[in-house]
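Listed below are the residues making up each chain.
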Amino acid sequence: MKKKMMMVVVGLVAVVASGLLYLTFFPAGQRPDSAFDLTVRNPAYTDRHPLILFDEGHYNSHTSDGGYAPFAKLMRND
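All residue numbers here refer to positions counted from 1 along the written sequence of the relevant chain. Only residues with pLDDT of at least 70 get local features here, since the model is predicted, and only at 80 or more are side-chain atom pairs given and counted; chain-wide, interface and lining totals rely on the full set of residues. Neither water nor hydrogens contribute to the side-chain values; these are computed over all heavy atoms in the structure.

Is there a simple way to think about the overall build of the protein in this case?
Secondary structure assignment for the protein yields two helices and zero strands. Burial status across the protein gives 4% buried among its 78 residues. Any two residues whose heavy atoms approach within 4.5 Å at even a single point are treated as in contact. Taking contacts inside the protein between residues at least 6 apart in sequence as the whole, the part at least 24 apart equals 57%. The accessible surface values rely on the Shrake-Rupley method and a 1.4 Å probe; as for residues, cover is taken only from the protein chains in view. Surface accessibility of the protein: about 7,500 Å² in total, with carbon and sulfur atoms responsible for 63%. Think of it this way: any DSSP run of H or I at least four residues long counts as a helix, any run of E at least two long counts as a strand, and we number them from the N terminus. Relative accessibility thresholds used throughout: buried, under 20% of the residue-type maximum; exposed, over 50%; partly exposed, between the two (1.4 Å probe, protein chains only).

What am I meant to see in the packing of aromatic side chains here?
The geometry of an aromatic ring pair is captured by two quantities: the separation of the ring centres and the angle between the planes. In summary, the pairing rule links any two rings of Phe, Tyr or Trp, Trp by its six-membered ring, whose centres are within 6.5 Å, and it sorts them by plane angle into stacked for under 30 degrees, edge-to-face for over 60 and tilted for everything else. In this structure the tally under the stated criterion is two aromatic pairs. Residues Phe-54 and Tyr-68 carry aromatic rings whose centres are separated by 6.0 Å and whose planes lie at 35° to one another, so their mutual orientation is tilted. In this pair, Phe-54 sits in the loop between helix H1 (2-25) and helix H2 (69-77) while Tyr-68 sits in the loop between H1 and H2, placing the two residues 14 residues apart along the sequence. Exposure remark for Tyr-68: the relative accessible area of 41% places this residue in the partly exposed category. Ring geometry for Phe-54 against Phe-71: centres 6.1 Å apart, planes inclined by 75°, an arrangement best described as edge-to-face. One end of the pair, Phe-54, is in the loop between H1 and H2; the other, Phe-71, is in helix H2, with 17 residues separating them in the sequence.

Please clarify how the side chain of Thr-63 should be interpreted in this entry.
Mapped onto the secondary structure, Thr-63 falls in the loop between H1 and H2. Its relative accessible area of 17% is what places Thr-63 among the buried residues.

Next up, the structure:
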């Protein structure tokens, strides 16, 4: 019984270690480029601004302060 338990523990350690190595070299998911220049030289909307809505009510992974942050910032700058 102890030998079986030891094999399970060694197996779990191997799985966790390989997962950590994988995440080190291949980070999970896409990330927005926060360093991208989003300035707008000639904004189209200076007096009246359109209303832009983001549907964030259904556990969406992309939100205006998350995955869509660069787009939302671009819209604010225009």
